[in-house]
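Each chain is listed here by its residues.
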Amino acid sequence: MPYGNSLVVHFKDKTLIRHKKRWSQVMYLYYLLGWKLTTKYFGKWEEGGNETELKREFEKEKHNTYLLALDGDTDFQPSSVMLLIDRLRLYPHVGAACGRIHPTGSGPMVWYQKFEYAVGHWLHKSAEHVFGCVLCSPGCFSLFRAAALMDDNVMKKYTIKASRARHHIQYDQGEDRWLCTLLLKQGWRIEYNAASDAYTNAPEEFKEFYNQRRRWGPSTMANIADLLGSGTLVSKRNSSMSKPYMFYQFFSLASSVLAPSTVVLMIAGSLTVLLDIHPNAALVLAVIPPAIFLGISFKIKSDTQILIAAVMSVLYAFHMMISALTLIVSMVKDGTIMTPSGIFIITLACFYIVTALLHPQEAGLVVYGCLYILCIPSAYLLLAIYSMVNMNNVSWGTRETAPAPGAATPAAQAPQTQTQKFKSTLAQFFTRSKCCRKLCRRGSAEELIVNQEDPSVEAAVSEPEPQNTIVDEVRNPEEEQGPEVPAVTSPIQCWVTQLQSLSDDMCLQEDTLDQDEEQFFRELTAKYLEPLPHDKEKQKEMTEKLKSLRNKITFAYFICNAFWLVTTFSLQLLDSIIFIQVPKIDTNLQFTGEYIYIDPLGFMFLLAFALLVLIQFVAMVYHRVSTLIHFVAFQDTESKLEKQKQQQVNDDEEDDSDSDDFMFPSLLDRTQDQGTLVEDRS
């Protein structure tokens, strides 16, 4: 590839190597850090090199080696990576850095996520960066320092197999957050750079979105609880994780846990205004629908749960829209904004608008805030119920077809007759031939080799196979012990030929691993990546443990919300005895001579919400200033005229300069002293 880079593609056989995302990361991290980085120094040491000098060079190289983690659908510009590299080069204690993630796609679900991601980065990640450090550097776009990954108890613990029920939730449902938890415990800092933009595909369907968040929610809580549980030790090791910051995280976690009951109280308040009924009666009415959904979710399938949640989400959205209009009419009619609901809505709206204005390039996203508010009951009430009830489901949920551990397996396939076996073999052969020959260009872009098989063969290929069946090739043990033969010997049958014929701008070459590298992969597979044995008894036992863990956490989760609701209900019964008197102010902010009585719990909620908003707003402003300083320092300070003159001189001196050098002169021409040069040390 250009600039001496190489592209390596691995095809994994799930029967030969452990699958799922975390184990793929283990394979690549050990390959890059163990084989590419460490082996050469070990070889020099075996040849009699100076051990002290080799250790010094090795420590320097692994400290200045960075790994960029991406998703397959992530899009970014070189400048985004350079900004992350600057953070790691300037601050040696930074083990990882992440950028601003922008969801892409179309439809209401993506619109909701655009605003959700914006608020999460504008406020939450900025506050984490300023007051402590970021707890999660997302795997879709993050830069890691090799020295941090190779530190004690990082990769060693990252390779632990899930042996307990909670391990499945913490280790495999959010592997990027688990890796960051290990880095934080070891004393490394994780930073957020708002100027480093990356774009990734977001779920466009309601079901895919719910399944994604079903993984993210419990794994986030599990990792934060893990950090809080060892808070004293983490604070001693990591200077960025102070005890006040740990308290801030505890407060955020408590707010997340109490989010369902908070939404119920908000709905109850709107019902009080809409139906003109007593607040306690409204609270009972607001509790009934989610309580029924919670109860039946333990008995019905997840797909049915999502269908019910989708219908309820639409109904709640209409309710929120009507409530908002009614609240506005009520404030105008009463001539006051000093009500709990009025203060909450007005403060929230002003807060989001001011925050968006401080991000001028993304200010348009505030339009999606209306949809975000309408979806609050779905995102913070129904999704919480779905996530808790399905916590025992440790399958990926998106882009995965394999059944989860302990899940019911399809019935055994009936034995095939000789005729069926012959037709299946013939279909497989012609399917592969057709796949390898289709769109295989020869010579020019217009010349295509057209597949002209017999129509009868096409009929055999298109014959549908039985559902829930997998056709595998039969392996002969004697052949596996013999010498390995390339799977494809004819170039016309190989997928490499397709890539070579479709590549117009670079020459692709097929190569093989040398003996030492092949031995490294064999040892790595034997130690960490051998497929897990399919023990039905252990899978059944783990399934029961996951259900037991689900029941315990769900009980604790919703008993906290029930306690919050019961406390509110009791205070509303005693509203004539226990209350807080607040002066009533009209729309002109003038005292009317009357007073509004608020229960203490509602007042404390408003006070806590205001305090959290203030903390995040101050952190956001500080982070915006620091981001601006970093971005200005990153850019060249020359004037545009001087840049054009210098570019003209360079063009005259080098007529055959690369087009990429013209597009990104300030990035590709940087030197190592400027802190943005990535050196290929392979």
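Computed from a predicted structure; not experimentally measured. (Residues numbered from 1 in each chain as written. Predicted model: local features only at pLDDT ≥ 70, side-chain atom pairs only at ≥ 80, totals over all residues. Heavy atoms only, no water.)

(A) Examining the overall build of the chain more closely. From N to C terminus, the chain includes 27 helices and seven strands. Going through the 682 residues of the chain one by one, you find that 39% of them count as buried. (Helix = DSSP H or I, 4+ residues; strand = E, 2+ residues; numbered from the N terminus. Buried < 20%, exposed > 50% of the residue type's maximum accessible area, 1.4 Å probe, protein only.)

(B) Just the packing of aromatic side chains, in detail. Going through the model one piece at a time under the given rule, you end up with 20 aromatic pairs. With a centroid separation of 5.2 Å and 25 degrees between ring planes, the pair formed by Tyr31 and Phe521 is classed as stacked. Of the two residues, Tyr31 is situated in helix H1 (residues 21-46) and Phe521 in helix H22 (residues 515-529); the sequence distance between them amounts to 490 residues. Judged by relative accessible area, which is 14%, Phe521 ranks as buried. Geometrically, the ring pair formed by Trp35 and Phe520 is tilted, given 5.6 Å between the ring centres and 40 degrees between the ring planes. (Phe/Tyr/Trp six-rings, centres within 6.5 Å; stacked < 30°, edge-to-face > 60°.)

(C) Region of the structure containing the environment of Ala195. Structurally, the position occupied by Ala195 is in strand E5 (residues 189-201). In the structure, Ala195 is positioned 433 residues away from Leu628 in sequence and 8.3 Å away in space, judged by C-alpha atoms. Setting aside residues no more than four positions away along its own chain, Ala195 makes contact with Leu83, Thr627 and Phe631. (Contact = heavy atoms within 4.5 Å.)

(D) Spatial organisation of the sheet that holds strand E2 (residues 75-76). Read across the sheet, five strands follow the order E1-E4-E3-E5-E2 without closing on themselves; strand pairing throughout is mixed. What marks the edges here is a single partner per strand, and that holds for strand E1 (66-70) and E2. Across two bridges, the pairing between E2 and E5 is antiparallel. Considered in E5, the bridge of Asp75 is made with Tyr199. Strands strand E3 (94-104) and E5 of the sheet are contacted by helix H4 (residues 108-131), whose axis makes an angle of about 155 degrees with E3. (Pairing = 2+ DSSP bridges. Axes fitted to C-alpha atoms, helices over the stretch in contact; angles between N-to-C directions.)

(E) Local environment of the pattern of salt bridges. Applying the stated criterion to the full structure yields 15 salt bridges. Across the pair Glu175 and Lys21 runs a salt bridge, and its minimum N-O distance is 3.5 Å. Placement of the pair is Glu175 in helix H8 (residues 175-185) and Lys21 in helix H1, with a sequence separation of 154 residues. You can call Glu175 buried: its relative accessible area is 3%. Judged by its relative accessible area of 32%, Lys21 falls in the partly exposed class. Between Asp303 and Lys207 there is a salt bridge whose closest N-O contact spans 3.1 Å. With Asp303 in helix H14 (residues 302-334) and Lys207 in helix H9 (residues 206-229), this pair connects stretches of sequence that are 96 residues apart. Through salt bridges that share partners, Lys21, Asp71 and Glu175 make up one connected network. (Salt bridge = Lys/Arg side-chain N within 4 Å of Asp/Glu carboxyl O.)

(F) Molecular detail of the nonpolar core. Within the largest apolar cluster, 54 residues are counted, with the highest numbers of intra-cluster contacts made by Leu149, Met241 and Leu529. At ten residues, the largest contribution of residues to this core is made by H1. Non-local contacts of Leu529, meaning those with residues more than four positions away in its chain, are made with Ile17, Arg18, Trp23, Val26, Met27 and Leu524. Core analysis: the next-biggest nonpolar cluster, separate from the first, contains 52 residues, Ala286, Met388, Leu549 and Met620 among them. (Core = buried A, V, L, I, M, F, W, Y, C linked by side-chain atoms within 4.5 Å.)

(G) Region of interest: the packing of helix H12 (residues 259-275) against helix H23 (residues 536-573). The N-to-C vectors of H12 and H23 enclose an angle of 35 degrees; their axes lie 8 Å apart at closest approach. For the pair H12 and H23, the crossing hand works out as right-handed. Residues Ala259, Pro260, Ser261, Val264 and Leu265 of H12 lie in contact with H23, whose contacting residues are Tyr557, Asn561, Trp564, Leu565 and Thr568. (Left-handed = near helix turned anticlockwise from the far one by under 90°.)

(H) View of a nonpolar patch on the surface. Taken together, Leu274, Leu275, Val284, Leu285, Ile288, Ile292, Ile296 and Ile322 make up a surface patch of nonpolar side chains, about 650 Å² in accessible area. Sorting the residues of the nonpolar patch by element identifies H12 and helix H13 (279-297) as the ones contributing at least two each. Sorting elements by how many residues they give to the nonpolar patch places H13 first, with five residues. Secondary-structure assignment places Ile292 in helix H13. (Patch = residues over 30% accessible without salt bridge, like charges linked within 9 Å, V, L, I, M, F, W, Y side chains within 5 Å. Areas by Shrake-Rupley, 256 points an atom, 1.4 Å probe, with all protein chains shown as cover.)

(I) Structural view of the state of the cysteines. In the structure shown here, the tally under the stated rule is zero disulfides. There is no disulfide at Cys133, and the cysteine sulfur nearest it, in Cys180, is 9.3 Å away. Here Cys133 falls in the buried class, since its relative accessible area comes to 0%. (Disulfide = S-S within 2.5 Å.)

(J) Inspection of H23 at higher detail. An ideal rise of 1.5 Å per residue puts 56 Å on 38 residues; H23 measures up with 54 Å between its terminal C-alpha atoms. A distance of 3.1 Å separates the backbone nitrogen of Glu537 from a side-chain oxygen at the start of H23, and that oxygen is part of Asp535. (Expected span 1.5 Å × (residues − 1). Polar contact = N/O pair within 3.5 Å; in protein donor to acceptor, adjacent residues only side chain to side chain.)

(K) Structural detail: unusual backbone geometry. Of note in the backbone geometry, Lys20 takes a positive phi value of approximately 90 degrees without being a glycine. Mapped onto the elements, Lys20 comes out in the segment before H1. Even without being glycine, Asp276 reaches a positive phi, approximately 55 degrees. Position of Asp276 among the secondary structure elements: in the loop between H12 and H13.

(L) Examining the confidence of the model for the chain more closely. A residue-level look at the chain finds 71% of positions with pLDDT of 70 or above and a mean pLDDT of 78. Taken as a whole, residues 401-414 scores under 50 in pLDDT and shows eleven contacts with residues more than four places along the chain or in a different chain. Contacts for the low-pLDDT stretch residues 655-682, under 50 throughout, to residues beyond four places or in other chains number 44 contacts. (pLDDT = per-residue confidence, 0-100.)

(M) How the structure looks around the side chain of Glu517. By secondary structure assignment, the location of Glu517 is in helix H22. Buried charge without a partner: Glu517 forms no salt bridge, and the closest opposite charge is Lys36, 5.6 Å away. Engagement of the side chain of Glu517 in a polar contact is seen with the side chain of Tyr31, the distance being 3.0 Å. Leaving out residues up to four positions away in the same chain, Glu517 has contacts with Tyr31 and Trp35. (Lys, Arg positive; Asp, Glu negative; His and termini not counted.)

(N) Quick look at the environment of Leu315. Secondary-structure assignment places Leu315 in helix H14. For Leu315, a relative accessible area of 55% corresponds to the exposed category. Separated by 63 residues in sequence, Leu315 and Ser378 place their C-alpha atoms 9.8 Å apart.

(O) Structural context of the side chain of Arg213. Looking at where Arg213 falls in the secondary structure, it is placed in helix H9. Within the structure, the side chain of Arg213 is placed 2.7 Å from the side chain of Glu116, a separation counted as a polar contact. In contact with Arg213, other than residues within four places in its own chain, are Gln113, Glu116, Tyr117, Pro218, Leu383 and Ser387.

(P) Region of the structure containing the pairing of E5. When you tally the buried positions in E5, you get ten out of 13 residues, the bulk of the element. With ten bridges joining them, E3 and E5 adopt parallel strand pairing. When the sheet's bridge partners are listed, Gly99 is paired in E5 with Asn193.

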